[in-house]
2 protein chains.
Amino acid sequence: MTSLRHLAELAGVSEMSVSRALRDVPGVSAETRARIKALAEEYHFRPDLRARGQLSGNSRILGCILPSITYGFYARMLNGVLRQAVQDDYRVITFQTYSDPQETLAAIYHLIDQRVDALLLNSVHPEPLSRKVMAAMRSHHMALVSLDATPTALPVDEVRLDEEHLAESAVEYLYELGHRRIGFLGVDRMLGRKLRLAALQRSFQHRGLTTDYFTEPTATSLEAFHVPSAGFKALLGRCASAFLGIMQSPVPPTALIVSSEPIIVHIHQTALRHGITIPQQLSLLGYVDFDLACILTPAVTTVGLQPEEIGRQAVIQAITRREARAKGEELPPVLIKVPGTIAVRESCGPAPK
Amino acid sequence: MTSLRHLAELAGVSEMSVSRALRDVPGVSAETRARIKALAEEYHFRPDLRARGQLSGNSRILGCILPSITYGFYARMLNGVLRQAVQDDYRVITFQTYSDPQETLAAIYHLIDQRVDALLLNSVHPEPLSRKVMAAMRSHHMALVSLDATPTALPVDEVRLDEEHLAESAVEYLYELGHRRIGFLGVDRMLGRKLRLAALQRSFQHRGLTTDYFTEPTATSLEAFHVPSAGFKALLGRCASAFLGIMQSPVPPTALIVSSEPIIVHIHQTALRHGITIPQQLSLLGYVDFDLACILTPAVTTVGLQPEEIGRQAVIQAITRREARAKGEELPPVLIKVPGTIAVRESCGPAPK
DNA sequence: CACCCTTGTGCCATTCCAAAT
DNA sequence: TATTTGGAATGGCACAAGGGT
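All of these numbers come straight from a predicted model, not from anything done at the bench.

**Considerations on the overall build of chain A**
Then, number 1: Across its full length, chain A holds 12 helices and 11 strands.
Then, number 2: Over its C-alpha trace chain A gives a radius of gyration of 26 Å, far above what one expects of a compact globule, namely 20 Å for 353 residues.
Then, number 3: For chain A, with 353 residues in total, the buried portion stands at 56%.
Then, number 4: Put simply, of all contacts in chain A between residues at least 6 apart along the chain, 72% involve residues at least 24 apart.
Then, number 5: As displayed, chain A has an accessible area near 14,300 Å², and 55% of this comes from carbon and sulfur atoms.
Then, number 6: For chain A, the distance from the average position of its 37 positive side-chain charges to the average position of its 36 negative side-chain charges is 2 Å.

**What to know about the protein's contact with DNA strand D**
Then, number 1: Near DNA strand D you find 27 residues, and of these L4, M16, R23, R52 and L55 of chain A are the closest.
Then, number 2: Atoms of DNA strand D within 4 Å of the protein belong to the sugar or the phosphate in 62% of instances, the rest to bases.
Then, number 3: R23 of chain A has a polar side-chain atom sitting 2.8 Å from a phosphate oxygen of DNA strand D.
Then, number 4: R20 of chain B is positioned with one of its side-chain polar atoms (N or O) 3.3 Å from a base nitrogen of DNA strand D.
Then, number 5: Among the secondary structure elements, those contributing two or more residues to the surface near DNA strand D are α2 (15-23) and α4 (49-56) of chain A together with α2 (15-23) and α4 (49-56) of chain B.
Then, number 6: The residue makeup of the surface near DNA strand D, split by class, is 11 nonpolar, nine polar and seven charged.

**Overview of the relation of the copies chain A and chain B**
Then, number 1: Mapping chain A onto chain B calls for a rotation angle of 180° and an axial translation of 0.0 Å; the resulting RMSD is 0.1 Å. On this basis, the relationship between the two copies can be described by a two-fold rotation axis. Minimal C-alpha separation from the rotation axis in chain A is found for I93 of chain A, amounting to 2.2 Å.
Then, number 2: Looking at the interface residues of chain A, 97% of them are also at the interface in chain B, so both copies use one shared face.

**So, the packing of helix α5 (residues 72-87) of chain A against helix α12 (residues 307-326) of chain A**
When two helices pack together, their arrangement is given by the angle between their axes and by how far apart the axes lie.
All names here are of chain A.
Then, number 1: At a minimum axis separation of 7 Å, α5 and α12 run at an interaxial angle of 40°. Judged by the angle between their axes, α5 and α12 are oblique. Considering how the two elements wind past one another, α5 and α12 form a crossing that is right-handed. For the pair formed by α5 and α12, the contact residues are F73, R76, M77, N79, G80, V81, Q84 and A85 on the first element and P307, E308, I310, G311, R312, V315 and I316 on the second.
Then, number 2: Each residue belonging to the contact of α5 with α12 can be placed in one class, and the counts come to eight nonpolar, four polar and three charged.

**Some details on the pairing of strand β6 (residues 182-185) of chain B**
Residue and element names in this part refer to chain B.
Then, number 1: Residues I182 and F184 of β6 are buried on one face, and the alternating residues G183 and L185, pointing to the opposite face, are buried as well.
Then, number 2: Across four bridges, the pairing between β6 and strand β8 (residues 255-258) is parallel. Bridged to I182 within β8 is A255.
Then, number 3: Pairing analysis gives two bridges linking β6 to strand β7 (residues 214-215), with the strands arranged parallel. Looking across to β7, one finds that L185 is bridged to T215.
Then, number 4: Since β6 and β7 lie parallel, the crossover through helix α9 (residues 193-205) that links them has a hand, and here it is right-handed.

**Section: α5 of chain A**
Residues lying three or four places apart along an α-helix face the same way, a consequence of the helix completing one turn every 3.6 residues.
Residues and elements named next belong to chain A.
Then, number 1: The end-to-end C-alpha distance of α5, which contains 16 residues, comes to 23 Å, matching closely the 22 Å that a straight helix rising 1.5 Å per residue would cover.
Then, number 2: In terms of residue burial, α5 counts as a mostly covered element, since 12 of its 16 residues are buried.
Then, number 3: Those residues of α5 not exposed but buried are F73, Y74, A75, R76, M77, L78, N79, G80, V81, L82, Q84 and A85.
Then, number 4: Once α5 ends, the next one or two residues include D89, with phi positive near 60°.

**Quick look at the protein's contact with DNA strand C**
Then, number 1: Around DNA strand C, the surrounding shell holds 27 residues, and the nearest of these are S14 and L55 of chain A together with L4, M16 and R52 of chain B.
Then, number 2: Take the atoms of DNA strand C that sit within 4 Å of the protein: sugar and phosphate atoms are 58% of them.
Then, number 3: Contact between DNA strand C and Q54 of chain A: a base oxygen at 3.3 Å from a side-chain N or O atom of the residue.
Then, number 4: For the surface near DNA strand C, the secondary-structure elements that each account for two or more residues are α2 and α4 of chain A together with α1 (4-11), α2 and α4 of chain B.
Then, number 5: Split by residue class, the surface near DNA strand C holds 10 nonpolar, nine polar and eight charged.

Conventions used here
- Residues numbered from 1 in each chain as written.
- Chains lettered and ligands numbered in written order.
- Predicted model: local features only at pLDDT ≥ 70, side-chain atom pairs only at ≥ 80, totals over all residues.
- Heavy atoms only, no water.
- Helix = DSSP H or I, 4+ residues; strand = E, 2+ residues; numbered from the N terminus.
- Rg over C-alpha atoms; globule rule 2.2 N^0.38 Å.
- Buried < 20%, exposed > 50% of the residue type's maximum accessible area, 1.4 Å probe, protein only.
- Contact = heavy atoms within 4.5 Å.
- Areas by Shrake-Rupley, 256 points an atom, 1.4 Å probe, with all protein chains shown as cover.
- Lys, Arg positive; Asp, Glu negative; His and termini not counted.
- Charge placed at Lys NZ, Arg CZ, Asp CG, Glu CD.
- Near = heavy atom within 4 Å.
- Polar contact = N/O pair within 3.5 Å; in protein donor to acceptor, adjacent residues only side chain to side chain.
- Nonpolar A, V, L, I, M, F, W, Y, C, P; charged D, E, K, R; others polar.
- Least-squares fit on C-alpha atoms with pLDDT ≥ 70 in both.
- Axes fitted to C-alpha atoms, helices over the stretch in contact; angles between N-to-C directions.
- Parallel < 35°, antiparallel > 145°, perpendicular 65-115°, else oblique.
- Left-handed = near helix turned anticlockwise from the far one by under 90°.
- Pairing = 2+ DSSP bridges.
- Right-handed = clockwise from strand over helix to strand, strands pointing away.
- Expected span 1.5 Å × (residues − 1).

What follows is the structure, given as structure tokens:
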């Protein structure tokens, strides 16, 4: 209700004077300024960022589209986004898409309509972001950063894990512990799966390790990625079966790399239930870091990256890109690979003889 | 870049006609409309919601302030908020405060400056929201909903757990299973702790049960609520000690109610490590629902509410309040108690003889 | 010539009212 | 008279000029 105009009338000066007084820019006498400030305080005046944004051309809002914020990995990614955004004085509008391309599209248009300065996009579905939407975003000067290997029709700034480094760290760590039969348990529908698999295979092969213990249960539908769903439970069941299958083979692996939070937890618990001791009998290595890793007993060693870092870097890149464009500079798309670090806990040990 | 004005020039008509054509309101010839729509499509025109909002007085944005979005409970709450908001065509700006009153205040002013229609506030710190901020919000027609017992200087709409119902469900469930010595493990700094404790005590007392097995380890600082922090680990250690202390008493409880996600997981794992069998020797009842409850082995029975429901109800109430105010109606503050339901899994069984 | 302050203009879309066909 | 179309004012703010002392 209280606007510049209103305040100006109360103070008996023009809107401009009020504006200047409150922004602490010169051009108002100290006395007038004090009077205006007192009035602003009294009437709880706050400048309208929307109006300001219309003039400046920036809303100082970022859009962030994620598959699901209750999934630990994405929650932490969003955490990184939020922290960095606050630090740089940006607000964040978040959307969940549940991996639905329709939802993604709707969310993007909502964000365009709000004139957000940039969009951080993490969409799990394999359909790349269409040229048309990208053109729409571009024509509204919206920067786009692809998170975690989200496919796009045209090249854009991208922040993702350093899969090569991740694979090397993981395999090297287990190799040094003496492991020669190492398994990998992933999910076939995972985004960035090809990248990850290729990196792992390379790391295995140049050490002469077999990839026979790789297994990827099928996620029958995207529903399988909602943690409390029936499809998810079925997926877990399939993972447990695959796991037990490998462990009951004549020459079972001595170490296993597992790539997704809830699956790690489930395998961890399944192993314990079936009397497979960790790490004596089997070294379990989480291929992503997660909060509960240190709470489980034995605590799970991970080579995960901090997902926060992806979010943080993405915000920085988005802002950089946006500001460069405002100056008319157009640099080629950037690929930022976030390295992972090993968090040694209790679930990996030397290979049994 | 492409605005109504721009489009109007291109089409050789007035801004008005463009506005009407695109909103599908009558007053434009079919031919003109088609021409304008084609142009809008071609130039990726999208109306600016900020400008629209200035006129209508609503931004169709909600603010949501939470302690931490990586904490499962709040993540799920935000999930509920986001789902309901999307359904009602609202966007959500989220802030994390890490329970810091300063951050909360800053976030609120940011949200006022964005002219969000309503604020959903969940702040863990015990200092109530000051009258001054509340007045500022009010003077900007911003609705406020307090989530989960967040204290405020003046009464406002509030959505929180139905602690009385929750306590009754939990105690009744265990009582029916034959348990007479039931423990409770909480954290002393928790918000809404008084409410919860009182409700539990009442449920215990009218069944003649002792509350001797209640214990509340101290969270030395708010840092203890960040899951991966050192303070948090120390808190976990204190919980485990308290737990083992109770279990080693001459007459240990046969059932234990535990009230926070990571602590439940830790107690679950600690019990297993110390050879305390669940549910044979000890029935473990989670006092909050969480995603991993079904993944742990044995799976954890919970009486938790779905935190999503708090978020969902809060959005509905916020919008209701906002719309009522727009009509000049001012109803007294509402208290919505969200009931919890028992999710029976494997961690509770009949009391041992 | 400083300094204070006001006027006019623009951003983007909408509502209400007037004018053309 | 009905239908289409245009103008002016609105909302909230800020920037570029210009009028006063």
